[in-house]
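This is what each chain is made of:
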Amino acid sequence: MKMLRVVLLLSVFWALTAGCSEQLEEQRDTAPWEDVTFLGKATTYFTLVNAGADSISYRYDMDRNQSGQKHYSGKLGQGDSIRVKHSLFRPIRSYLGINGTSMTGPYLLPTLNRRISWDGDSYKDTGTNSIYYAYLKTLDDAFPSVGDASLLKLPLDEVQQHQKGLTQEALKQGEAYAARNRVSKWLKDFYQREAALKGAAALESQRGYLDYAYKKTLSLPPHVHHWIDSLLDDPNNLTMPTRDKLRQSHSYNEAAPPVPGMTLGNRNNRLDFEDIADSFPTDDGDLYHDFLAEWTENQLLDYSTYANKDELIARAREILPADYVQQLDYIRDSINARISSDGAALKLLALPFASTSDTLTPLLHRTKPYTLYKFWFPGCRPCVSQYPFERELLAEYPNLELVNVAYETRKDHWREYIQKNEMPGSQQLYLPKQKREAAQAALGMLGAPRYLMLGPGNQLVCRNCPKPNDALLTTLIK
């Protein structure tokens with residue numbers, strides 16, 4: 001009898017505390033990740049379970065603002081699952097495809113692990129945090145994953161009305177769900193903000209597509225322009241996942257065409273960098289640094305190269321506090337250690353490269369005890385900025401030679417640049433795109449300029465050497 005009384009008391013206690021926690025959660029005004037930062041990210045897991053009768057193929061993409069995007073793909077048998085680990089400081093969108101069909105993109109919120117089960121026809125949230133994610137699924141379901149092709153023929157005003165209708169339907173569905181379930185205040189606010197941002201982002205995406213595919217440059221009606229600006233200027237929208245897409249599309253659509261000599265991609269990359277400063281004034285403190293560091297990390301995770309990449313990364317490093325730079329350096333060094341090796345560097349140097357006279361020259365053909373190889377490409381301003389320091393270095397150390405190896409450029413552009421510019425160095429060699437993978441295996445993340453140095457006996461002195469303007473390089477030359 002005494003044991004039964006204890007069990008009953010515990011049952012009442014658990015019921016009361018569970019009810020209190022739900023009530024407290026309902027009254028909560030701030031998101032659970034409010035205090036999470038770039039330097040102290042929250043480990044958050046996404047799990048996909050195949051609960052259907054047949055095996056499935058899947059593709060899961062992490063959204064990294066179009067840069068450094070990771071994807072996971074494979075097959076899952078009946079009852080199998082995958083679990084992906086994320087380190088987050090703010091909410092993200094990811095994208096799930098099953099059996100070649102794109103699903104609406106599931107959100108992932110820092111500290112709140114998500115578990116999705118596929119039953120053979122559709123997916124549903126089944127984890128301990130399903131109360132949050134099932135609510136957000138109604139938001140995903142309100143916006144089709146594939147755009148309506150008929151909208152291409154409509155003026156922007158009518159497209160805006162269509163997207164506004166989707167937003168209103170999403171809000172209606174969200175209210176219906178909230179009426180049936182306990183939904184916290186912070187999550188309701190998140191839902192409503194995302195609904196508005198998704199409608200605006202779909203409009204700007206449509207506008208950008210018309211410009212790209214059909215060369216239809218369309219201006220936004222003033223009231224629509226004001227609406228989008230108000231969404232982007234709202235400080236409460238800064239950490240919203242879809243704000244990134246809206247800001248990017250709106251920025252590209254409104255920007256002037258690239259100046260001569262600048263590609264569209266280079267213009268867009270510079271806009272992405274500058275938009276962070278515009279969105280987060282430098283006196284805004286840690287949030288500005290968090291977003292700038294995230295942008296820089298994404299550049300490091302993205303192995304592709306563009307003309308002003310290293311210049312922009314260098315600018316970010318100058319702005320960021322030392323603890324952020326230290327973390328980014330750790331990320332960079334970890335990536336380099338994973339994707340490159342000393343052995344791959346020596347293999348690259350043994351390959352024949354084209355000279356300006358079209359003769360093939362192995363990089364190991366050396367004339368001095370120390371050879372500094374500079375990997376560069378025309379249009380790289382950080383490469384040009386090293387010219388004075390390279391000349392000083394060559395003058396100070398007669399046992400040193402400099403060999404320039406161009407990559408990520410057309411051969412005619414390379415020849416033209418060499419003819420018009422006086423570059424320091426004893427040799428000008430060219431690395432074709434077919435050898436890009438070999439270069440990445442040797443150097444790690446490709447960027448420019450990158451320096452590699454051999455010493456006596458073809459010993460590798462450094463694979464990612466300090467730049468000539470860094471006094472540390474001189475300590476490596478004996």
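Note that the coordinates shown come from a computational prediction; the quantities given were computed from them, not determined experimentally. (Residues numbered from 1 in each chain as written. Predicted model: local features only at pLDDT ≥ 70, side-chain atom pairs only at ≥ 80, totals over all residues. Heavy atoms only, no water.)

K.L.:
Which residues make up the packing of aromatic side chains, and what are the values?
P.N.:
Counted according to the given criterion, the structure contains 16 aromatic pairs. Their ring planes at 90 degrees and their centres at 5.7 Å tell us that F89 and F291 sit as a pair that is edge-to-face. With F89 in the loop between β4 (81–88) and β5 (92–98) and F291 in helix α8 (residues 286–301), this pair connects stretches of sequence that are 202 residues apart. Given the relative accessible area of 5%, F291 is considered buried. For the ring pair W376 and Y417, a centre distance of 5.4 Å and an interplane angle of 50 degrees mean the geometry is tilted. Within this pair, whereas W376 is found in strand β12 (residues 370–376), its partner Y417 is found in helix α14 (residues 411–420), the two being separated by 41 residues in sequence. Residue classification places W376 among the buried residues on the basis of a relative accessible area of 1%. Overall, the relative accessible area of 16% leaves Y417 in the buried class. Ring pairing ties together the aromatic residues W33, Y107, Y132, W186 and F190, which thus form one cluster. (Phe/Tyr/Trp six-rings, centres within 6.5 Å; stacked < 30°, edge-to-face > 60°. Helix = DSSP H or I, 4+ residues; strand = E, 2+ residues; numbered from the N terminus. Buried < 20%, exposed > 50% of the residue type's maximum accessible area, 1.4 Å probe, protein only.)

K.L.:
Go over the sheet that holds strand β14 (residues 427–430), please, and point to the residues and values.
P.N.:
With mixed pairing, the seven strands of this open sheet are ordered in space as β11-β10-β14-β13-β12-β15-β16. In the strand order of this sheet, the two ends are held by β11 (360–362) and β16 (460–462), each with one partner. Direction aside, neighbouring strands of the sheet carry axes that sit 35 degrees apart on average. Running over the sheet, helix α11 (residues 342–350) touches β10 (352–355), β11, β12, β15 (450–454) and β16 and is turned about 85 degrees from β15. (Pairing = 2+ DSSP bridges. Axes fitted to C-alpha atoms, helices over the stretch in contact; angles between N-to-C directions. Contact = heavy atoms within 4.5 Å.)

K.L.:
Give a detailed account of the packing of α11 against helix α15 (residues 436–443), specifying residues and quantitative values.
P.N.:
Closest axis-to-axis distance for the α11/α15 pair is 7 Å, and the angle between their directions is 140 degrees. Taken together, the axes of α11 and α15 are oblique relative to one another. The two elements α11 and α15 cross, and the hand of that crossing is left-handed. The segment α11 lies against α15, with A344, A345 and L348 engaging A438, A439, A441 and A442. Class assignment for the residues of the contact of α11 with α15 results in seven nonpolar, no polar and no charged. (Parallel < 35°, antiparallel > 145°, perpendicular 65-115°, else oblique. Left-handed = near helix turned anticlockwise from the far one by under 90°. Nonpolar A, V, L, I, M, F, W, Y, C, P; charged D, E, K, R; others polar.)

K.L.:
Quick rundown of the environment of M453? Include the residues and the values.
P.N.:
Following the sequence through the fold, M453 ends up in strand β15. Accessibility expressed as a relative area gives 0% for M453, which makes it buried. Distance from M453 to K374, taken between C-alpha atoms, is 8.8 Å for residues 79 residues apart in sequence. In this structure, M453 is in contact with Y370, T371, L372, L400, Q459, L460, V461, C462, C465, L473, L476 and I477, ignoring residues within four places of it in sequence.

K.L.:
I'd like a description of the pattern of salt bridges, backed by residues and values.
P.N.:
For the coordinates displayed, the defined rule picks out 24 salt bridges. One salt bridge connects D272 with R247, and the closest N-O pair in it is separated by 3.1 Å. Residue D272 is found in helix α7 (residues 264–279), and its partner R247 is found in helix α6 (residues 241–254); the two are separated by 25 residues along the sequence. Here D272 matches R247 in class, with each residue buried. Taking the shortest distance from any N to any O, the salt bridge between D329 and R332 comes out at 3.4 Å. Of the two residues, D329 and R332 are both situated in helix α10 (residues 322–339); the distance of three residues between them amounts to about one turn of the helix. Since its relative accessible area comes to 19%, D329 is described here as buried. On the basis of relative accessible area, R332 is assigned to the partly exposed category, the value being 25%. Through salt bridges with shared partners, a single network forms among R317, D329, R332 and D333. (Salt bridge = Lys/Arg side-chain N within 4 Å of Asp/Glu carboxyl O.)

K.L.:
So, the sheet that holds strand β8 (residues 114–118): which residues are in play, and what are the values?
P.N.:
Hydrogen bonds between backbone atoms are what pair the strands of a sheet, whose relative direction is either parallel or antiparallel. Pairing in this open sheet of four strands is mixed, and the strands run β4-β1-β8-β9 from one edge to the other. The open sheet terminates on both sides in strands that have one partner only, identified here as β4 and β9 (123–125). Averaged over all neighbouring strand pairs, the angle between strand axes comes to 20 degrees, with direction disregarded. Contacting β8 and β9, helix α2 (residues 130–142) runs over the sheet at an angle of about 140 degrees to β9.

In short, geometric facts, not functional conclusions.
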